[in-house]
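Coordinate inspection notes
Given next are the chains, with one letter for each unit.
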Amino acid sequence: MLDIKIIGGTIIDGTGARRYKGDVGVEGDKIVAIGDLKDVEAKKVIDATGKYVTPGFIDMHTHSDFSLTVSRDASVRIHDGVTTDVIGNCGIGIAPVSDAHKADLITYLGTRLVASIPVEIKLPWSTMDEYFKFLEENNPAVNVAPLAAQGAIRIHEMGFAKGKPTAEQMANMKAELKKAMDAGCVGMSSGLVYMPGEYSNAEEIGELCSVMQEYDGFYVTHMRSEGAQIWEAIEEAIEIAKRGGVRLAISHLKLLGNDVWNQTDRLFARLDKARSEVKELAYDAYPYDAGCTSLGALLPPWVFEGGAAKMLERIKDPEIRVKMRHDMENGLPGWQNFWKCAGGWAGFPIATVNNKESEWVMGQTVQALADQAGKDPFEWAFDFLSHENGRVQVILMGMKDEDVQTILARPETMVGSDSMSLAETGILGTGMPHPRAFGTHARFLGKYVRDEGGCSLETAIEKMTGRSAKHLRLDRRGEIKEGYYADIVVMDYVNVKDNATYMDPKHYSTGFDYVVVNGKVALDNGVETKDYAGRVLRHGK
């Protein structure tokens, strides 16, 4: 007897092949039968008549590292058809943790999206393996595919010291990455617009990447620029991958700021050429024309030297404020200036805050709030960042929808939300987060595929499932195939809709009626079951 039988649906199997009619049988955590199963008994029958049956979606770029330890529910993911979160992106990680720099890491995480939840940040582990064991003992509703974070590794060894690592420090960082890969990480990420990634050069990161050769791990990067200096940033990413002898992936590919809009032809001409220069090239994107970052990320990089605590000291100094403003208005060589990318303070609505009494500012731009207060917007921003102890997230308006459409339409572009797992209510339902946390996959399928015809449905599903699983080197994931793990979505495609907006983001997607994770029903006719069947997908395990 089958545990689950999904009948009457149209299967899109995740390979890019044409859809076909068929039933799907699940026993334990695997798909065991595909075909005509009307005469096979099952404990649970899901009627998928008029609907599509697909592999569970893989969110290629998330920051759920910490939020999944706060709540196992993964509610936004389940309602958006996601069965696997790739964590550890942008060089931001919650392990490894050293006694010498634990306070530095915790303070820093508080200024980043990964830990912007209004709870005390506790890191009761030292290594990636210990963190994985924590997740396995408190398994979430979705799978987790982990990346090692270059930023966390550097903080573990060097804190927020500027400059090149010594030979001993480099050896220690390589040893930490090897431990993370041995524990099951699928690759390593960097965030070169954030500290301490901004202090790292191609030589350093390339040498670190070389550790991953024996694991077939890949290097994925939030490049040093996605704006005016994106062309130099792409060259650096290619150089790092070549130095390390590893596969390359580019995070949330975009053209940020009006000085690079409408240049997708140039962008893909260079990326297509790069395929002959590196072992393999991949990239992901999200279906929105605005990003999200911390308010502190707008500050010049030198402000963070010594760590986030030093930044909080510096922004109180009037003379330092003058220098910060000068650098933001005029730029610095090699620095991506988010403030300029968004065209000034009017391009930054407040998304989350640290103090409850400050919640009234959410959804309003820094410029509007400064005008209301009768203050200079730079001074207002510096004061507010200090008042909130650095824990402020902002929406970053700076992309063009036509460019987003072109990038998403490419068959090789995978999909990542660049968000952490949240909820409509409770501790994970605070603030006004970017709507991509709630609606990325529904928006991609509904707006860009169904409504605008960016690509075929088969291609769209393959991008979010089979292609992503192959890139991650996941074992028997990403396809509707006998013997594969039963991560499955039953989708009412006509009614797939992202209900989250910039001004009213906390609404789950609709149209994904059933979601199965490792053979357990996580979403049953639109209702969460609280059956936590997610696993840490350790590479090579």
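Please refer to the structure higher up on the page.
As a starting point, this report considers the structure included with it. Because the structure is a prediction, the values reported are computed rather than measured.

Bringing the overall build of the protein chain into the picture now. Broken down by element type, the protein chain carries 18 helices and 23 strands. Dimensions along the principal axes, computed over C-alpha positions, put the protein chain at roughly 80 × 55 × 45 Å. Looking at the 541 residues of the protein chain, the share that counts as buried comes to 64%. Here the contacts in the protein chain between residues at least 6 apart in sequence split such that 76% fall between residues at least 24 apart. Total accessible area on the protein chain is roughly 18,700 Å²; 49% of this is exposed by carbon and sulfur atoms.

Within strand S21 (residues 512-517), 6 of the 6 residues are buried, which leaves the element mostly enclosed by the surrounding structure. The pairing of strand S20 (residues 488-491) with S21 spans 4 bridges and is antiparallel. When the sheet's bridge partners are listed, Ile488 is paired in S21 with Val516. Pairing of S21 with strand S22 (residues 520-524) involves 4 bridges; the strand directions are antiparallel.

Attention now moves to the sheet that holds strand S10 (residues 143-146). The strand order across the open sheet built from 3 strands is S8-S9-S10, with neighbouring strands paired in parallel fashion. A strand with exactly one partner marks an edge of an open sheet, and here the two such strands are strand S8 (57-59) and S10. Strand after strand, the sheet turns through a mean of 25° between neighbouring axes, direction not considered.

Their axes nearest at 11 Å, the elements helix H11 (residues 318-330) and helix H14 (residues 377-387) cross at an angle of 120°. Helix-helix and strand crossings are classified by hand; for H11 and H14 the assignment is right-handed. From H11, Arg321, Met324, Arg325, Met328 and Glu329 reach across to H14, where they touch Phe378, Glu379, Phe382 and Asp383.

Here the amide bond leading from Ala95 into Pro96 is cis, since omega sits at 0°, within 30 degrees of zero. When you line up the elements, Pro96 lands in the loop between strand S9 (82-87) and helix H3 (102-110). The peptide bond linking Met195 to Pro196 adopts the cis configuration, its omega dihedral lying at -5°. With respect to the secondary-structure elements, Pro196 resides in the loop between strand S12 (187-191) and helix H7 (202-209). Even without a glycine there, the phi angle at Asp418 is positive, about 55°. Summarising the element assignment, Asp418 is placed in the loop between strand S19 (413-415) and helix H16 (436-451). Although it is not a glycine, Asn525 adopts a positive phi angle of roughly 55°. Within the secondary structure, Asn525 is located in the loop between S22 and strand S23 (527-528).

By the definition in use, this model includes 0 disulfides. The closest cysteine sulfur to the non-disulfide-bonded Cys90 is located on Cys292, 11 Å from its own sulfur. Classification of Cys90 by relative accessible area gives buried; the value is 4%.

Another point: the side chain of His79. The topology assignment puts His79 in helix H2 (residues 75-79). Residue His79 is classed as buried on the basis of its relative accessible area, which comes to 10%. Here the side chain of His79 touches Glu528 through a polar contact of 3.0 Å, side chain to side chain. Not counting the four nearest positions on each side in its chain, His79 is found in contact with Tyr508, Ser509, Phe512, Leu523, Gly526 and Glu528.

This part is about the sheet that holds S12. Pairing is parallel in the open sheet, where 6 strands are placed in the order S11-S12-S13-S14-S15-S19. Looking at the sheet topology across the chains shown, the edges are occupied by strand S11 (148-149) and S19.

Thresholds applied
Residues numbered from 1 in each chain as written. Predicted model: local features only at pLDDT ≥ 70, side-chain atom pairs only at ≥ 80, totals over all residues. Heavy atoms only, no water. Helix = DSSP H or I, 4+ residues; strand = E, 2+ residues; numbered from the N terminus. Buried < 20%, exposed > 50% of the residue type's maximum accessible area, 1.4 Å probe, protein only. Contact = heavy atoms within 4.5 Å. Areas by Shrake-Rupley, 256 points an atom, 1.4 Å probe, with all protein chains shown as cover. Pairing = 2+ DSSP bridges. Axes fitted to C-alpha atoms, helices over the stretch in contact; angles between N-to-C directions. Left-handed = near helix turned anticlockwise from the far one by under 90°. Disulfide = S-S within 2.5 Å. Polar contact = N/O pair within 3.5 Å; in protein donor to acceptor, adjacent residues only side chain to side chain.

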